[in-house]
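Spelled out from the first residue to the last, the chains are:
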Amino acid sequence: MGAYQRYLKLQCNFSPNTVDAYLRDVQKLLSYLAEEGIAVAEVRLPHLQHFAAGLHDLGIGAASQCRILSGVRSFFRYLQTEGYITDDPTELLESPQTGRHLPDVLSTEEIDRMEAAIDLSKWEGHRNRAIIEVMFSCGLRVSELTHLKLSDIYADEGYLRIMGKGSKERLVPISGSALAELELWYDTRCHMDIRRGEEDYVFLNRRGSHLTRTMILIIVKRLALEAGIQKTVSPHTLRHSFATALLEGGANLRAIQAMLGHESIGTTEIYTHIDTTTLRREILEHHPRNRRQE
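Since this is a predicted model, take the numbers as computed values, not measurements.

A. Highlighting the overall build of the protein chain. Of the regular secondary structure elements, the protein chain holds 13 helices and three strands. In the protein chain, which comprises 294 residues, the proportion classed as buried is 45%. When the accessible surface of the protein chain is summed, it comes to about 15,300 Å², and 50% of that surface belongs to carbon and sulfur atoms.

Right, here's the structure in full:
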């Protein structure tokens, strides 16, 4: 990174602040590649597309995504110029549009189709059903799902304990149908050879390690495709569908904001008088997964 830093400073003549920003953005990519076990020289367009999708699923805005991807392009142009790589994998990498648009929303029927597309004869079948059901029933961020622990699930009380952005903890009601899918996954999970240190993670891969954001993205996109859904679907789509289903069902908007762990919509004070009992009642009354069980 030292040589790249000198390149930005001397050849590109960037200001110190711009150099620091480019280095931070490239470090995000390098951290992702290290997590996925991909060497820089082996990076191809699909890897970068998954990285970009991960930025979106983390809730990073379109403008910030564009800035990060601009830094990534600069990094790979530098590597190609210096002869470290032959081809630039960012040539066909698209940036998100920064204009305002409404994200796609999945209906309950489309969620059911995705779950119906899952082959339950495979070992990961009940795991994938539980993933879809928990995301749709609880509105979790993909990072919150991948870090969900068995010790975070209070099944008797019907809550999940979620550590959100900025290490802020919140309690999220979970539907009976999601808990039922988790129990079916546990029947498979208990027979797995789980890696040391991974024992408390809920969702595991076949090697006994917790799933990454990229793997969740692949699972969701594949199921949408197999279900014949033509919309642009990502894990964030399920989170947005959760909120939309509640809003259309008549739930209190402030309760939805608190459920999602949002603070940008208003000041934290607007949530202070909404206790967990009220939140749970809002979800039980207005989310389609709960209404179905009545």
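B. Molecular detail of the sheet that holds strand β3 (residues 169-173). An order of β1-β2-β3 is seen for the three strands of this open sheet, with the pairing classed as antiparallel. This sheet does not close on itself; its edge strands, each paired only once, are β1 (153-154) and β3.

C. Summary view of the packing of aromatic side chains. For the structure shown, the criterion picks out nine aromatic pairs. When the centroid spacing of 5.6 Å and the interplanar angle of 70° are considered together, the rings of F75 and F76 count as edge-to-face. Their ring planes at 45° and their centres at 6.3 Å tell us that W123 and W185 sit as a pair that is tilted. Placement of W123 in the loop between α5 (108-116) and α6 (125-138) and of W185 in helix α8 (residues 176-189) is noted, with a sequence separation of 62 residues between them. Here W123 falls in the partly exposed class, since its relative accessible area comes to 25%.

D. Quick look at the environment of L148. Mapped onto the secondary structure, L148 falls in the loop between α7 (142-146) and β1. Sequence-wise, L148 and H210 are 62 residues apart; in three dimensions their C-alpha atoms are separated by 9.3 Å. Discounting chain neighbours no more than four positions away, the residues touching L148 are I153, L160, I162, D200, Y201, V202 and F203.

E. Spotlight on the nonpolar core. Membership of the largest hydrophobic core comes to 45 residues, with the highest contact counts inside it found for M114, V134, L160, L182 and F203. Listed by contribution, the elements that provide at least two residues to this core are α5, α6, α7, β2 (159-163), α8, α9 (213-226), α10 (235-248) and α11 (253-260). For this core, the leading source of residues is α6, giving seven residues. In this structure M114 touches L106, I132, V220, L223, A224, A227 and I229, once residues within four positions along its chain are discounted. Core analysis: the next-biggest nonpolar cluster, separate from the first, contains 25 residues, Y4, Y7, I38 and V43 among them.

F. Highlighting unusual backbone geometry. One non-glycine residue, N13, lies in the positive phi region at around 60°. Within the secondary structure, N13 sits in the loop between α1 (2-11) and α2 (16-36). For N13, a relative accessible area of 65% gives the class exposed.

G. Region of the structure containing the packing of α5 against α6. Running from N to C, α5 and α6 point in directions that differ by 160°, and their axes come no closer than 9 Å. Classified by the angle their axes make, α5 and α6 are roughly antiparallel. Both α5 and α6 take part in a crossing whose hand is right-handed. Together, T108, I111, M114, E115 and A116 of α5 and R129, I132, E133 and F136 of α6 make up the contact between the two elements. The residue inventory of the contact of α5 with α6, partitioned by class, reads five nonpolar, one polar and three charged.

Conventions we followed
Residues numbered from 1 in each chain as written. Predicted model: local features only at pLDDT ≥ 70, side-chain atom pairs only at ≥ 80, totals over all residues. Heavy atoms only, no water. Helix = DSSP H or I, 4+ residues; strand = E, 2+ residues; numbered from the N terminus. Buried < 20%, exposed > 50% of the residue type's maximum accessible area, 1.4 Å probe, protein only. Areas by Shrake-Rupley, 256 points an atom, 1.4 Å probe, with all protein chains shown as cover. Pairing = 2+ DSSP bridges. Phe/Tyr/Trp six-rings, centres within 6.5 Å; stacked < 30°, edge-to-face > 60°. Contact = heavy atoms within 4.5 Å. Core = buried A, V, L, I, M, F, W, Y, C linked by side-chain atoms within 4.5 Å. Axes fitted to C-alpha atoms, helices over the stretch in contact; angles between N-to-C directions. Parallel < 35°, antiparallel > 145°, perpendicular 65-115°, else oblique. Left-handed = near helix turned anticlockwise from the far one by under 90°. Nonpolar A, V, L, I, M, F, W, Y, C, P; charged D, E, K, R; others polar.

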